[in-house]
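This is what each chain is made of:
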Amino acid sequence: MAERRTIERPLSPHLQIYRMTLTMAMSIVHRVTGAALYFGTLLLVWWLIAVSSSATQFDIVSAFFASWVGQLVLFGYTWALLHHMLGGIRHFIWDTGRGFNPQEREFLAMATIVGSIVLTLLVWTLGYMLKS
Amino acid sequence: MKTPLGRVRGLGTAHSGTEHFWLQRLTAVANLPLLIGFLIVIVALVGRSHAAVISTLTNPFVAILILSALISVVMHMRIGMQVIIEDYVHSEGRKILLLMANTFFSLGIGLAAAYALLKINFGL
């Protein structure tokens, strides 16, 4: 019946044809943070293996994480995680069929941005306060 | 004789039905509490000594929390990256190679992390 046919079909217009909207940017950021989290798991593995290896290895990884490059990477990684997490919650809300109005969409997008920044700062403030 | 409806019912164009979507959401739901817990553990460990970190990571609740998070995260990251590859890589050969690499990377991350955590708990 429905055999495979090779017809030149028109392609749908791609990204650059549309005006960038907030929800569109959020969708892109969700994917980018997901990819960053994917490769960032290497940091977790490095840390765990260092802890399991020796005090020397642990000191090396700790020194890197304490350096300004390490702190920058970890700060970005914290934000990526929290942004992706809140973005996921946004998707859960949409899964229930709610939150699709223009105002609701914009609100959820803004809440994700503000929430991810506030939570990242909160986590880091706590980290520095509890640091011994 | 199979009707077109019978051929696609429950399967769709990817021949896997809603399995991918379901696994994506299931692991996302699991990741939420597990990674919040993991973040709390990490925040509590900032600046601690090697001995203190080992003592925390050998706490059964912490170890089981991290192991659970690893399983959920590895599945979630694998199918997430799979979608990215399928969206952007159109050459069939490269796509298949990258999909394989994706599985190897995700499993490798999970196994390496689990190995280290188990070694910390049982092997030191």
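### Looking at the overall build of chain B
Looking only at helices and strands, chain B features five helices and zero strands. N-terminal to C-terminal, the α/β element order of chain B is α-α-α-α-α. By the burial criterion, 20% of the 124 residues in chain B qualify as buried. The contacts in chain B between residues at least 6 apart in sequence include a share of 69% that link residues at least 24 apart.

### So, the overall build of chain A
A tally of helices and strands in chain A yields four helices and zero strands. Traced from its N-terminal end to its C-terminal end, chain A shows the element sequence α-α-α-α. Since a compact globule built from 132 residues should have a radius of gyration of about 14 Å, the 21 Å found for chain A marks it as more spread out than a globular shape. Looking at chain A as a whole, 22% of its 132 residues are labelled buried.

### Re the environment of Gly108(B)
Relative to the elements of secondary structure, Gly108(B) occurs in helix H5 (residues 92-123). In this structure the C-alpha to C-alpha distance between Gly108(B) and Val46(B), which are 62 residues apart in sequence, comes to 26 Å.

### Examining the interface of chain B and chain A
Each partner contributes residues to the interface: chain B has 25 residues there, and chain A has 24 residues. Counting residues per element, the ones that place at least two in the side of chain B that touches chain A are helix H2 (19-45), helix H3 (50-57), helix H4 (60-88) and H5 of chain B. Top element by residues in the side of chain B that touches chain A is H5(B). It accounts for seven residues.

### Considering the confidence of the model for chain A
Per-residue confidence for chain A gives a mean pLDDT of 92, with 95% of residues at or over 70. The least confident element of chain A is helix H4 (residues 102-130) of chain A, whose mean pLDDT is 95; the most confident is helix H3 (residues 68-95) of chain A, at 97.

### Comments concerning the nonpolar core
General note: in soluble globular proteins, nonpolar side chains tend to be found buried as a group. In this structure, Leu48(A), Val51(A), Ala69(B) and Ala113(B) are the most contacted members of the largest nonpolar core, which totals 29 residues. Going through the elements one at a time, helix H1 (22-53) and H3 of chain A together with H2, H4 and H5 of chain B are the ones with two or more residues in this core. At eight residues, the largest contribution of residues to this core is made by H4(B). Once you skip the residues sitting within four places of it in the chain, Ala69(B) turns out to touch Leu34(B), Leu35(B) and Phe38(B).

### Brief notes about H5(B)
Helix length check: H5(B), at 32 residues, gives a terminal C-alpha distance of 44 Å against a target of 46 Å (1.5 Å per residue), a fit within 8%. Taken together, the buried positions of H5(B) are Ser106(B), Ile109(B), Gly110(B), Ala113(B), Ala116(B), Leu117(B) and Ile120(B). Close packing links the buried residues of H5(B) with H1 of chain A together with H3 and H4 of chain B.

### Thoughts on the environment of Phe122(B)
Residues and elements named next belong to chain B. In this fold, phenylalanine 122 is placed in helix H5. Owing to 9 C-beta atoms within 10 Å, phenylalanine 122 belongs among the exposed residues under this scheme. As a C-alpha pair, phenylalanine 122 and serine 91 span 31 residues in sequence and 46 Å in three-dimensional space.

### Quick word on H4(A)
For an α-helix the count is 3.6 residues per turn, leaving residues at separations of three or four pointing the same way. End to end, H4(A) covers 41 Å across 29 residues, agreeing with the expected 42 Å (1.5 Å per residue, within 8%). Among the residues making up H4(A), those that are buried are Leu108(A), Ala109(A), Thr112(A) and Ser116(A).

### Considering the confidence of the model for chain B
Residue and element names in this part refer to chain B. Chain-level statistics for chain B give a pLDDT mean of 91 and a share of 88% at 70 or above. Mean pLDDT values for the elements of chain B range from 66 in helix H1 (residues 4-8) up to 97 in H3. This complex was scored by the predictor with a pTM of 0.88 and an ipTM of 0.88.

### A look at the packing of H4(A) against H2(B)
Relative placement of two packed helices is described by the angle separating their axes and the distance separating the axes. Contact pair H4(A) / H2(B): the axes reach a minimum separation of 8 Å and the direction vectors enclose 35 degrees. The residues of H2(B) that touch H4(A), namely those facing Val123(A), Leu126(A), Gly127(A) and Leu130(A), are Leu39(B), Val43(B) and Ala44(B). For the contact of H4(A) with H2(B), the residue count by class is six nonpolar, one polar and no charged.

### A look at the packing of H2(B) against H4(B)
Residues and elements named next belong to chain B. Packing of H2 against H4 leaves a shortest axis separation of 8 Å and a crossing angle of 140 degrees. As H2 packs across H4, the resulting crossing turns out to be left-handed. Residues His20, Leu23, Gln24, Thr27, Ala28, Ala30, Asn31, Leu34, Leu35, Gly37, Phe38 and Val41 of H2 pack against Val62, Leu65, Ile66, Ser68, Ala69, Ser72, Val73, Met75, His76 and Ile79 of H4. Per-class residue counts for the contact of H2 with H4 are 14 nonpolar, eight polar and no charged.

Criteria and thresholds
- For every chain, the first residue of its written sequence is number 1, and the numbers climb from 1 along that sequence.
- Written order decides the labels, with chains lettered from A and ligands numbered from 1.
- Only residues with pLDDT of at least 70 get local features here, since the model is predicted, and only at 80 or more are side-chain atom pairs given and counted; chain-wide, interface and lining totals rely on the full set of residues.
- By the criteria applied, helices consist of DSSP H or I runs no shorter than four residues and strands consist of E runs no shorter than two, each listed in order from the N terminus.
- Any residue with 12 or fewer other C-beta atoms within 10 Å of its own C-beta is exposed, any with 20 or more is buried, and the rest are partly exposed; the C-beta atoms used are placed from the backbone.
- The contact criterion used is a C-beta to C-beta distance within 7 Å, with each C-beta placed from the backbone.
- Our radius of gyration is a C-alpha quantity, and the globule rule it is checked against amounts to 2.2 Å times the number of residues to the power 0.38.
- On a scale of 0 to 100, pLDDT captures the predictor's confidence in every residue.
- Buried Ala, Val, Leu, Ile, Met, Phe, Trp, Tyr and Cys residues whose C-beta atoms connect them within 7 Å together make up a nonpolar core.
- To estimate the expected span of a helix, count its residues, drop one, and scale the result by 1.5 Å.
- To get an axis, fit a line to the C-alpha atoms, keeping to the stretch in contact for a helix; angles then go from 0 to 180 degrees between the N-to-C directions.
- Amino acids are sorted into nonpolar (Ala, Val, Leu, Ile, Met, Phe, Trp, Tyr, Cys and Pro), charged (Asp, Glu, Lys and Arg) and polar (every other residue, Gly among them).
- In this scheme the crossing of two helices becomes right-handed for a clockwise turn of the near helix relative to the far one and left-handed for an anticlockwise turn of less than a right angle.

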